[in-house]
Amino acid sequence: MAVSLITAAVAVSVFMPLSPSVPRRALRHTRAIEIQAFARDDGLWDIDAHISDVKTHDASLASGARRAGLPMHDLYLRLTIDRQLFVLDAEAVSDAVPYPGFCDTIGPAYKALIGLNLLKGFRFELKQRLSGILGCTHLTELAQVLPTAAIQAFAGDVIPTCDSAEAGAERPFEINQCYALRADGAAVALYYPRWVAKVAPG
C-alpha cells in the first residue's frame with residue numbers, strides 16, 4: 001500500500017546527538033534556563049522565565065564563599081503580554097546573586113520593557129534600555145530569548161500552525177523565519193503549499 005509523502009515525513013524521526021566527548025571530563029558549572037507560558041483568565045498571557053547558575057565546587061567571591069550546589073544566580077523575569085505580543089507589565093526578581101544588596105535591587109528597572117512589542121524591535125530596544133550598567137547582564141540576556149518563546153507558546157493556540165481555511169488569508173508567520181521554512185523550500189511546498197514561492201527558471 002502506498003504511503004503518502006506527508007505520512008512518511010511525519011513517521012521518520014532523525015536523531016543527531018553530539019559527538020562523543022573526550023574520555024575524561026568533569027562537570028564544573030550548569031546554567032539552566034526555563035521558560036513557561038501561561039494563558040490567563042483575562043485573555044492576557046504571562047511568560048515566566050528563570051535562569052540559574054550552579055557550580056559543582058566551592059567558589060570564592062568578593063562577597064564571600066559560595067558552597068558547591070548553591071546557585072550563583074537564581075533570577076526570574078515575568079512579562080505579561082497581550083495577543084499582539086505587546087508587553088503590558090514586567091517584573092524581575094533576584095533570589096540568589098553574587099553581590100547581595102546590590103545585584104538584587106535592579107528588578108524595578110525591567111518595567112522599562114512595558115510598551116515594547118516582542119516582534120517589533122524588541123531586542124534592539126532591550127539593549128538600548130537595559131544593557132550594561134542599566135540592568136542585570138543575566139536578566140537582560142534572559143529577556144532576549146522571550147520573543148521566540150512567546151511565538152512557541154502562541155503556536156496552535158493564538159497563531160494557526162497549519163495551512164487551512166481557518167488560518168486565514170495571511171501567510172503563516174513562520175515562513176522565511178528559518179532555513180527549513182524558506183518560502184521556496186521543500187518543507188513549505190509540503191506543509192504550506194498555498195504559500196510556496198515559485199523559483200523562476202534560470
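Above this text you will find the structure in question.
Residues numbered from 1 in each chain as written. Predicted model: local features only at pLDDT ≥ 70, side-chain atom pairs only at ≥ 80, totals over all residues. Heavy atoms only, no water.

Trainee: Where do I start with a nonpolar patch on the surface in this structure?
Mentor: On the surface, Ile33, Ile35 and Val145 cluster together into a nonpolar patch covering about 210 Å² of accessible area. Among the secondary structure elements, Ile33 is positioned in strand β1 (residues 29-39). Relative accessible area serves as the criterion here: at 48%, Ile33 is assigned to the partly exposed category. (Patch = residues over 30% accessible without salt bridge, like charges linked within 9 Å, V, L, I, M, F, W, Y side chains within 5 Å. Areas by Shrake-Rupley, 256 points an atom, 1.4 Å probe, with all protein chains shown as cover. Salt bridge = Lys/Arg side-chain N within 4 Å of Asp/Glu carboxyl O. Helix = DSSP H or I, 4+ residues; strand = E, 2+ residues; numbered from the N terminus. Buried < 20%, exposed > 50% of the residue type's maximum accessible area, 1.4 Å probe, protein only.)

Trainee: Mind showing me how you'd approach unusual backbone geometry here?
Mentor: In terms of backbone geometry, most residues other than glycine have negative phi values and most peptide bonds are trans. A positive phi is found at Leu85, a non-glycine position, where the angle reads about 70°. Within the secondary structure, Leu85 is located in the loop between β5 (71-81) and β6 (87-96). What makes Leu85 buried here is its relative accessible area of 5%. Positive phi, normally seen in glycine, also occurs at Asn176, with a value near 70°.

Trainee: Whenever I open this one, the pairing of strand β2 (residues 45-55) confuses me. Can you help?
Mentor: Successive side chains on a regular strand alternate, one facing one side of the sheet and the next facing the other. Of all 11 residues making up β2, nine are buried, and the element is well covered by its neighbours. Bridge count for β1 against β2 is 11 bridges, and the pairing is antiparallel. Residue pairing across strands places Glu34 opposite His50, the latter belonging to β2. Here β1 hands over to β2 after five residues, with Gly43 in that stretch at a positive phi of 90°. When β2 meets β5, the two strands line up antiparallel, connected through 10 bridges. What sits directly across from Ser52, in β5, is Asp74. (Pairing = 2+ DSSP bridges.)

Trainee: Sorry, what's going on with the sheet that holds β1 here?
Mentor: Pairing between sheet strands relies on hydrogen bonds along the backbone, with the strands arranged either parallel or antiparallel. Taken together, the four strands give an open sheet; going across it, the order is β1-β2-β5-β6, and neighbouring strands pair in antiparallel fashion. One side of each edge strand has no neighbouring strand; the edge strands of this open sheet are β1 and β6. Here the strands of the sheet are splayed against their neighbours by 10° on average, with no regard to which way each runs. Sheet strands in contact with helix α4 (residues 146-154) are β1, β2 and β5, and its direction is about 130° off that of β2. (Axes fitted to C-alpha atoms, helices over the stretch in contact; angles between N-to-C directions. Contact = heavy atoms within 4.5 Å.)

Trainee: What's the story with the side chain of Asp74 in this structure? I'm lost.
Mentor: Relative to the elements of secondary structure, Asp74 occurs in strand β5. The side chain of Asp74 sits in the buried core without any salt bridge; Arg66 is the nearest counter-charge, 9.3 Å away. Within the local environment of Asp74, its side chain forms a polar contact with the side chain of His50, the two groups lying 2.4 Å apart. Setting aside residues up to four positions removed in sequence, Asp74 forms contacts with His50, Ile51, Ser52, Val93, Ser94, Asp95 and Ala96. (Lys, Arg positive; Asp, Glu negative; His and termini not counted. Polar contact = N/O pair within 3.5 Å; in protein donor to acceptor, adjacent residues only side chain to side chain.)

Trainee: Help me understand the nonpolar core, please; the structure alone is not making it clear to me.
Mentor: When a protein is soluble and globular, its nonpolar side chains tend to lie buried together. Counting residues in each nonpolar core, the largest one holds 32 residues, and the members touching the most others are Leu77, Leu79, Ile81, Tyr110 and Leu113. If you list the elements that add at least two residues to this core, you get β2, β5, β6, α2 (122-130), α3 (137-143) and α4. With five residues, α4 is the largest single contributor of residues to this core. Those residues in contact with Leu77 that sit more than four places away from it in its chain are Ile47, Asp48, Ala49, Glu91, Ala92, Tyr110, Leu139, Leu142, Ala143 and Leu146. (Core = buried A, V, L, I, M, F, W, Y, C linked by side-chain atoms within 4.5 Å.)

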